[in-house]
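Topology and contacts: notes
Each chain is listed here by its residues.
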Amino acid sequence: MRSILLHLIPASLYAGVGIAYWRSYTAARAPAAKGQSCMSLRERLFLLLTLIAHGAALHTAIFPDGQMRFGFGVAMSLMVWLAVCFYWVETLYTRLDGLHTVIMPAGVVASIVPLIFPGEHVLANAASPAFRAHFVIAMLAYSLFTLAALHAMLMSIAGRQLHNARFSRLLAGLPPLLTMEALLFRLISIAFVLLTLTLITGVMFSESLFGQAFRVDHKTVFAFVSWLLFGGLLLGRQLWGWRGRTALRWTLAGFVALMLAYVGSRFVIEVVLQRAG
């Protein structure tokens, strides 16, 4: 019962933040002035409290009995939690009103997913410094790519509305599309560096643990496919100035491949195969 409450509390808080923001934004007579934060101080502090509650629930789910347990639900929840943390910091410098309405529902779902798919997979060698470094870097990379994917979807919606000359009031406070595009590539560039380090530390950890530097499995294949897609996107941006729909498609394709690299494999193992058995 205590474990259930730990996950329901942040889910309720995310919902509360989203509803409060929606009400305050729709009640305003005009969009906020340029440069003004998209969240009030009270909303920002409330979201920080939500992140603390979500983090506490994740800590309990990952370290329930001194061991380190990690599965599909926890992986999804942890990635969204880190993405919301990055979002919280980013809103200190950039207006991202529209993304707020995507982030909060994602937080609600991410808080509840570990209850549906708890996962009983105990991670071996969790005390190893090499493994911990690999794990932290990988989660940071996945989280930044998650935020980049949400940002890309928001850009797609905003671009479509702008093209149809039907720009909703909720998205009116967003920065120009060129500014949002620059932010997207900043996220992808940082995440790509972290993904590169993830692959390197993964090879190093595999060699020290299994005596085999490169293990060819679906997880490795999808991870390298994602790395190639994001690397190709950054190269195309640098050499040929890729932007707009091309950049968005490559971003989403790379994100899907990355999710299949770990989250998808854990989902198949924990949900599909267990139920089939």
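Up top is the structure these notes are about.
We now turn to the structure provided with this report.

Thresholds, definitions, all that
Residues numbered from 1 in each chain as written. Predicted model: local features only at pLDDT ≥ 70, side-chain atom pairs only at ≥ 80, totals over all residues. Heavy atoms only, no water. Helix = DSSP H or I, 4+ residues; strand = E, 2+ residues; numbered from the N terminus. Buried < 20%, exposed > 50% of the residue type's maximum accessible area, 1.4 Å probe, protein only. Contact = heavy atoms within 4.5 Å. Areas by Shrake-Rupley, 256 points an atom, 1.4 Å probe, with all protein chains shown as cover. Expected span 1.5 Å × (residues − 1). Phe/Tyr/Trp six-rings, centres within 6.5 Å; stacked < 30°, edge-to-face > 60°. Lys NZ or Arg CZ within 6 Å of the ring centre and 35° of its normal. Salt bridge = Lys/Arg side-chain N within 4 Å of Asp/Glu carboxyl O.

Counting its secondary structure elements, the chain contains eight helices and zero strands. For the chain, the N- to C-terminal ordering of α and β elements is α-α-α-α-α-α-α-α. Going through the 277 residues of the chain one by one, you find that 45% of them count as buried. Sequence separation of at least 24 residues holds for 82% of the intrachain contacts in the chain that already meet a minimum separation of 6. Carbon and sulfur atoms provide 68% of the accessible area of the chain, an area that totals close to 14,300 Å².

Our focus in this paragraph is helix H7 (residues 218–240). Taking 1.5 Å of rise per residue, 23 residues should cover 33 Å, and H7 covers 31 Å from first to last C-alpha, within 8% of that figure. Among the residues of H7, Thr220, Ala223, Ser226, Phe230, Gly232, Leu233, Leu234 and Gly236 are the ones counted as buried. Where H7 terminates, the next one or two residues include Gly241, which has phi positive at roughly 65°.

Our focus in this paragraph is the environment of Glu43. Along the polypeptide, Glu43 turns up in helix H2 (residues 41–62). In this structure the C-alpha to C-alpha distance between Glu43 and Ala20, which are 23 residues apart in sequence, comes to 7.9 Å.

For the rest of this paragraph, the subject is the packing of aromatic side chains. Using the criterion set out here, one finds four aromatic pairs in the structure. Relative to Phe230, the ring of Phe145 has its centre 4.0 Å away and its plane inclined at 20°; by these criteria the two rings are stacked. Within this pair, whereas Phe145 is found in helix H5 (residues 129–163), its partner Phe230 is found in helix H7, the two being separated by 85 residues in sequence. Taking relative accessible area as the criterion, Phe230 reaches 1% and is therefore assigned buried. On the numbers, 5.0 Å between centres and 45° between planes, the contact of Trp242 with Trp250 is tilted. What makes Trp242 partly exposed here is its relative accessible area of 21%. Note on Trp250: relative accessible area 27%, which makes it partly exposed. Among the aromatic residues, those joined into a ring-pair cluster are Trp240, Trp242 and Trp250. Between the NZ or CZ atom of Arg44 and the centre of the ring of Trp88, over which it lies, the distance is 5.6 Å. The ring of Phe185 has Arg237 lying over it, and the distance from NZ or CZ to the ring centre is 4.2 Å.

It is worth spelling out the pattern of salt bridges at this point. If you walk through the whole model with that rule in mind, you get three salt bridges. A salt bridge links Glu181 to Arg237, with the nearest nitrogen and oxygen atoms 3.1 Å apart. Remark: Arg237 occurs in helix H7 and Glu181 occurs in helix H6 (residues 177–210); sequence separation between them is 56 residues. Judged by its relative accessible area of 28%, Arg237 is partly exposed. Residue Glu181 is joined to Arg243 by a salt bridge in which the shortest nitrogen-to-oxygen separation is 3.6 Å. Note that Glu181 is positioned in helix H6 and Arg243 in the loop between H7 and helix H8 (244–276), a separation of 62 residues in sequence. Owing to a relative accessible area of 5%, Glu181 belongs among the buried residues under this scheme. On the basis of relative accessible area, Arg243 is assigned to the partly exposed category, the value being 46%. By sharing partners, the salt bridges in this structure join Glu181, Arg237 and Arg243 into a single network.

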